[in-house]
Amino acid sequence: MVAQSLFSFESPDDSPGFLLWQVSNHWQREIKKALEQFGLTHAQFVVLAAAYWLGQQGTITQTDLAAHARIDKMMTSKLLRTLETKGLLLRAEHTTDTRAKAISLTPIGVRTAVQAAWAVEEFENQFFASLGADAAILKQLKTLLPTIIKASHI
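Rules and cut-offs
- Residues numbered from 1 in each chain as written.
- Predicted model: local features only at pLDDT ≥ 70, side-chain atom pairs only at ≥ 80, totals over all residues.
- Heavy atoms only, no water.
- 1 Å grid on protein atoms, 1.4 Å probe; cavity = no way out; pocket = protein on both sides within 12 Å on 5 of 7 lines; lining within 4 Å.
- Points joined across faces, edges and corners; volume = space filled by probe spheres on them.
- Helix = DSSP H or I, 4+ residues; strand = E, 2+ residues; numbered from the N terminus.
- Pairing = 2+ DSSP bridges.
- Contact = heavy atoms within 4.5 Å.
- Axes fitted to C-alpha atoms, helices over the stretch in contact; angles between N-to-C directions.
- Phe/Tyr/Trp six-rings, centres within 6.5 Å; stacked < 30°, edge-to-face > 60°.

- The name that an unreviewed UniProt entry assigns to the protein chain is Transcriptional regulator, MarR family, with the source organism given as Hymenobacter roseosalivarius DSM 11622.

Right, dumping it as structure tokens:
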């Protein structure tokens with residue numbers, strides 16, 4: 001007796017979700033290795049880098065960071081506490097919003113953010129090098145991924 005297929009795909013390798021999961025797992029393992037030397041998890045790096053980036057434009061809050069990184073506010077708060085404990089950032093009273101904390105990087109936080117960003121960019125260049133020298137494929141990927149994010153309301 002022939003079993004009816006549970007999936008609409010002939011093979012798991014035909015499933016875009018399964019392929020995305022495999023690539024994502026590989027990417028996460030490798031980004032973890034790239035950030036180990038800085039004592040940062042990937043989530044901590046994202047918040048630190050976002051604080052660096054947004055801080056160049058003015059005073060930022062936990063809410064600003066959560067919205068930018070698309071991380072929930074409680075997780076952002078936990079990550080900020082950890083980064084503050086590591087001496088990488090400060091949370092101070094906001095000058096105009098008494099409910100908010102102003103986030104700023106310490107000198108060590110700036111140095112760590114910059115060095116970790118360089119390491120992440122080097123990793124990403126190597127990781128995406130498998131797409132070949134064809135910049136059009138990488139450009140298309142950079143277009144497709146935000147489309148999925150927007151459609152998913154992440």
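1. Observations regarding the layout of surface pockets
(1) Moving on: Roughly 2200 Å³ of internal volume is contained in the largest pocket.
(2) Moving on: Lining the largest pocket we find 41 residues, and of these Trp27, His42, Glu124, Leu145 and Ile149 sit closest to its centre.
(3) Moving on: Among the elements of the structure, helix H1 (16-36), helix H2 (42-55), helix H3 (62-69), helix H5 (107-128) and helix H6 (135-152) are those that each provide at least two residues to the lining of the largest pocket.

2. Thoughts on the sheet that holds strand E1 (residues 60-61)
(1) Moving on: With respect to topology, 3 strands assemble into an open sheet ordered E1-E3-E2, the strand pairing being antiparallel. Each of the sheet's edge strands pairs with one partner strand only, and the pair in question is E1 and strand E2 (89-93).
(2) Moving on: Direction of pairing for E2 relative to strand E3 (residues 101-105): antiparallel, over a ladder of 5 bridges. In the strand pairing of E3, Glu93 is matched with Lys101.
(3) Moving on: The strands that H2 touches are E1 and E3; relative to E3, the one it contacts most, it runs at about 100°.

3. Topic: the packing of aromatic side chains
(1) Moving on: Enumeration over the complete set of coordinates arrives at 4 aromatic pairs.
(2) Moving on: Their ring planes at 85° and their centres at 5.1 Å tell us that Phe127 and Phe128 sit as a pair that is edge-to-face.
(3) Moving on: Members of the aromatic cluster, each reached through a chain of ring pairs, are Trp27, Phe123, Phe127 and Phe128.

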